[in-house]
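# Commentary on secondary and tertiary structure
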Amino acid sequence: MDTAELLALYERMVLIRRTEKAAHDLFLQGLVKGTTHLAAGHEAIAVGASAALREDDYVFATYRGHHHAMARGATPEECLAELMQRATGLCRAKGGSMHLTKAASNMLGSYAIVGAHLPMAVGAAWSARLRGTRQLAVAFFGDGATNIGAFHEALNLAAVWKLPVLFVCENNLYMEYTPIADVTAVARPAADRAPAYGIPGEVVDGNDVVAVSEAVARLARRARAGEGPAVLEAETYRHFGHSRSDPATYRPAEEVERWLKHDPLDIARGRLVEAGVPEPTVTAADDRARTVVAQAVDAAKDAPPPDPREAFTDVWADGGAAWRT
């Protein structure tokens with residue numbers, strides 16, 4: 001990866017981090033209703049994976065999916081407006097924080113039902129196989145989903161049919177509030193189970209955007225060549241609790257401190273410095289991201305609420321709302 005590409009990935013991660021910080025602040029101001037599940041700390045997984053994918057590849061995410069929507073092209077303004085129930089939101093105020101979707105970029109949704117989207121990714125991969133497009137489907141999920149039946153069903157069927165699908169586990173050590181290690185028989189909840197279905201299972205530093213990009217690129221080439229699915233377990237850590245209502249006091253202070261020192265932004269910035277990129281150049285990327293997000297906040301605040309009539313659009317493929325028998 002050359003320095004120009006790495007700098008672009010760094011700036012994208014900073015943009016995501018600042019957008020989520022804005023979402024946090026807007027929630028405290030009462031402008032974001034309901035809850036939010038912030039992905040601060042997970043940015044390198046979404047950005048690194050997206051850098052290794054084609055634009056027409058399919059992406060499926062969880063309710064902690066702000067970073068995936070933005071990695072696939074959603075803007076800070078679209079995301080913040082969606083969280084604030086504005087007409088200019090990514091889903092025109094129909095999805096909110098937990099269901100960010102950008103179908104035009106094949107980011108086919110964020111799903112609140114744990115593990116539900118894994119079989120959907122298998123279906124998308126099957127569609128690509130039938131159409132001969134060499135597209136890849138990628139399902140991102142948390143460590144807790146590895147104990148859900150849909151995880152095993154999806155891996156099994158993908159392996160049987162040797163489908164072009166990649167399963168990426170964002171292992172942040174906690175399934176909501178419970179340590180995944182306390183309730184799982186294997187040390188690597190995703191990667192250690194892959195061999196049971198005859199497919200590769202790898203582990204990567206999920207906070208290193210370069211390592212993630214290289215791993216996804218390698219597994220994507222394998223899948224496109226007809227060699228079937230793979231599981232990639234990306235080790236990471238969320239900087240906040242499970243959701244806005246969770247202070248995360250169950251996490252040991254020394255564990256939090258250790259992981260905060262392994263911040264994906266710091267790792268990428270360190271790589272840039274080592275590669276000889278001048279500090280002012282990196283700082284300029286930070287400044288650009290800050291400006292974009294500040295403008296996005298203002299635009300989202302000024303945007304109008306959705307038209308109630310919009311509630312009955314997008315129900316059917318033709319955009320209509322007529323009852324079908």
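Here goes a summary of the coordinates provided.

So, how was this worked out
- Residues numbered from 1 in each chain as written.
- Predicted model: local features only at pLDDT ≥ 70, side-chain atom pairs only at ≥ 80, totals over all residues.
- Heavy atoms only, no water.
- Helix = DSSP H or I, 4+ residues; strand = E, 2+ residues; numbered from the N terminus.
- Buried < 20%, exposed > 50% of the residue type's maximum accessible area, 1.4 Å probe, protein only.
- Contact = heavy atoms within 4.5 Å.
- 1 Å grid on protein atoms, 1.4 Å probe; cavity = no way out; pocket = protein on both sides within 12 Å on 5 of 7 lines; lining within 4 Å.
- Points joined across faces, edges and corners; volume = space filled by probe spheres on them.
- Nonpolar A, V, L, I, M, F, W, Y, C, P; charged D, E, K, R; others polar.

## Quick notes on the environment of leucine 9
- When you line up the elements, leucine 9 lands in helix α1 (residues 3-28).
- Residue leucine 9 is classed as buried on the basis of its relative accessible area of 9%.
- Measuring from C-alpha to C-alpha, the distance between leucine 9 and arginine 218 comes to 18 Å, with 209 residues separating the pair along the chain.
- Leave out the neighbours within four places in its chain, and leucine 9 touches Met1, Val47, Ala51 and Val209.

## Quick look at the layout of surface pockets
- When its volume is computed, the largest pocket comes out at roughly 330 Å³.
- Forming the walls of the largest pocket are 22 residues, and the residues nearest its centre are Tyr63, Gly142, Asp143, Gly144 and Ala145.
- Elements with a minimum of two residues in the lining of the largest pocket: β3 (137-142) and β5 (174-175).
- The class makeup of the residues in the lining of the largest pocket is 9 nonpolar, 8 polar and 5 charged.
- In this model, the second largest pocket occupies a volume close to 240 Å³.
- Ser50, Ala51, Ala71, Arg72 and Gly73 are, among the 14 residues lining the second largest pocket, the residues nearest its centre.
- For the lining of the second largest pocket, the secondary-structure elements that each account for two or more residues are α1 and α2 (43-52).

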